[in-house]
Amino acid sequence: MRFYRRVHGLNQTALGELLGYDKTYISALELGKRSLDDIGSRRRICEALCLPAHVLGVTDPTDTDHRAMIQFGESTVRLAEIARQSGHASEAVSELLPVVARLESLIADGHTERDVVHLLGRARVGLGVALGNVLPEERLATAAHWTAKSLEIAEYFEDARMTSYVLRMHGNELRKANLRGAAVQRLCRAAATAPDDTARAAALPLLARAAGALGNGALFDRVMRETEGLLDSVDHTSLFNPFSLHEIRLRGLVSTGRTRVAMQLVEDSPVPTTVVAPQWRVIELVTVAHVQLLADDRMGAARSLDIAIREAVTQRLPHQLQRITRTAGTRLPTQHATASQFLDRIRGEMAA
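Residues numbered from 1 in each chain as written. Predicted model: local features only at pLDDT ≥ 70, side-chain atom pairs only at ≥ 80, totals over all residues. Heavy atoms only, no water.

Per an unreviewed UniProt entry, the protein is named Transcriptional regulator with XRE-family HTH domain, and its organism is Streptomyces griseochromogenes.

Here's what the structure looks like:
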């Protein structure tokens, strides 16, 4: 219930109103001071929250422990992805680690049923991507390690959609770990393996970003053109939106030596007003600040970085704080010092 509240941004009072309980009772349930032992109440809660009953441990008598575990694992992977996209990557990591450990233990004991292995592949990818949000740059190889562990599983199933998905997630984590050539190679494979235009439209923006980071302007331009063409013809509500594409284009232009074009884009084109995951807002602000500094707009860059710092601290995004310190450099000492201070605090908390 606590996890559900965090994902949906509810306090205990709001959750109590949904379920017909007062805040004190919700608090007692979350702290373990009270328990809901009757199945009827648990089913009613799940119905009210639109959750499958097995999330609260309600299964039919004929269900095996194995099936209940798989169902619980499926729900955890889905909820963890919602949490990560909502800016709660740390909670996603906490939820996925025990699921991955349990599934790996089952497989080590000989339980190599299709549903177990398939779920493990998805859980590992989810864990790697969530870690990629919360780890500092020097540890991002760990995130890529977890996404890589799903490649063999994806290829084992000979499922083009799953293989393309794992390749694009792995490629993006490789890029973040500064393994740019390998990232481009994996993302090219993701695009080539995609079974339809929707899956290809999901892979291409990540490929464009990696091509830009590699300094390959020709590949960056070609992929961006194809991406824009595909997004006009597919339902991309769950894929990349104008906001994230704006950031990818800005960063790619700077990385491929077209700073003046990027400056003009920031000046002439307002950021699209699209609802996005919180981490995307931080990513975009840091990129805009970089372009503003290249245009010698220190005041604008300082404003952008001040907002980015607040959001990066709230969302616990050490990698973005590191980007902020690099962007601020010596030209914006106040922002550099503030980001460094918060980064040291997060590192200390992680070490503890």
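Next comes the rest of the account.
1. Observations regarding the nonpolar core
Formed by 65 residues in total, the largest nonpolar core has its most connected members in Leu103, Leu127, Leu131, Leu207 and Ile248. With 11 residues, the single largest contributor to this core is helix α7 (residues 114–134). For Leu131, the residues in contact, after removing those within four places along its chain, are Val93, Thr142, Ala143 and Trp146. Counting 19 residues, the second-largest nonpolar core is a separate cluster that includes Ala312, Leu317, Leu321 and Leu332. (Core = buried A, V, L, I, M, F, W, Y, C linked by side-chain atoms within 4.5 Å. Buried < 20%, exposed > 50% of the residue type's maximum accessible area, 1.4 Å probe, protein only. Helix = DSSP H or I, 4+ residues; strand = E, 2+ residues; numbered from the N terminus. Contact = heavy atoms within 4.5 Å.)

2. Brief notes about the packing of helix α8 (residues 140–148) against helix α10 (residues 160–176)
Taken N-terminus to C-terminus, the directions of α8 and α10 make an angle of 165°; their axes are 8 Å apart at the nearest point. Of the possible angle classes, the one that applies to α8 and α10 is roughly antiparallel. Here α8 runs over α10; the crossing is left-handed. Here Leu140, Ala143, Ala144, Thr147 and Ala148 of α8 lie close against α10, whose contacting residues are Val166, Met169, His170, Glu173, Leu174 and Lys176. Broken down by class, the residue content of the contact of α8 with α10 amounts to 7 nonpolar, 2 polar and 2 charged. (Axes fitted to C-alpha atoms, helices over the stretch in contact; angles between N-to-C directions. Parallel < 35°, antiparallel > 145°, perpendicular 65-115°, else oblique. Left-handed = near helix turned anticlockwise from the far one by under 90°. Nonpolar A, V, L, I, M, F, W, Y, C, P; charged D, E, K, R; others polar.)

3. Focus: unusual backbone geometry
A positive phi angle, close to 70°, is found at Asn178, a residue other than glycine. Structurally, Asn178 can be placed in the loop between α10 and α11 (180–193). Judged by its relative accessible area of 52%, Asn178 falls in the exposed class. Positioned with a positive phi, Asp296 is a non-glycine residue whose angle comes to about 65°. Here Asp296 lies in the loop between α16 (278–294) and α17 (298–315).

4. What about the side chain of His170?
Along the chain, His170 falls in helix α10. Apart from the residues lying within four places of it in its own chain, the contact partners of His170 are Ala144, Thr147, Ala148, Leu151 and Arg186.

5. Quick word on the pattern of salt bridges
Oppositely charged side chains are able to pair whenever their charged atoms sit close together. Using the criterion set out here, one finds 18 salt bridges in the structure. Arg200 serves as the salt-bridge partner of Glu226, at 2.5 Å between the closest nitrogen and oxygen. A residue pair is termed long-range when its members are at least 10 positions apart, and Glu226 in helix α13 (residues 217–231) and Arg200 in helix α12 (residues 197–214) qualify at 26 residues. A salt bridge links Arg249 to Glu228; the nearest nitrogen and oxygen atoms lie 2.0 Å apart. With a gap of 21 residues between them, Arg249 in helix α14 (residues 242–255) and Glu228 in helix α13 connect regions that are remote in the sequence. One salt-bridge network, in which partners are shared between bridges, spans Glu104, Arg124 and Lys149. (Salt bridge = Lys/Arg side-chain N within 4 Å of Asp/Glu carboxyl O.)

6. Regarding the side chain of Arg5
The residue Arg5 is located in helix α1 (residues 2–8) in this model. Residue Arg5 is classed as buried on the basis of its relative accessible area of 14%. Within the structure, the side chain of Arg5 is placed 2.7 Å from the side chain of Glu30, a separation counted as a polar contact. Aside from chain neighbours lying at most four places away, what touches Arg5 is Leu10, Asn11, Gln12, Leu15 and Glu30. (Polar contact = N/O pair within 3.5 Å; in protein donor to acceptor, adjacent residues only side chain to side chain.)

7. A few points about the environment of Thr259
Within the secondary structure layout, Thr259 lies in helix α15 (residues 259–268). A C-alpha to C-alpha distance of 19 Å links Thr259 and Ile324, two positions 65 residues apart in sequence. Every residue in contact with Thr259, bar those within four places of it in the chain, is listed here: Leu253 and Leu294.

8. Things to note about the packing of α16 against α17
Put simply, α16 and α17 touch, their axes get as near as 8 Å, and they point 155° apart. Comparing the axis directions of α16 and α17 gives the class roughly antiparallel. In this structure, α16 meets α17 at a crossing whose hand is left-handed. Listed contacts from α17 to Pro278, Val282, Leu285, Val286, Val288, Ala289, Gln292 and Leu293 of α16 are Arg298, Gly300, Ala301, Ser304, Leu305, Ile307, Ala308, Glu311, Ala312 and Gln315. Taken together, the residues that form the contact of α16 with α17 break down as 12 nonpolar, 4 polar and 2 charged.

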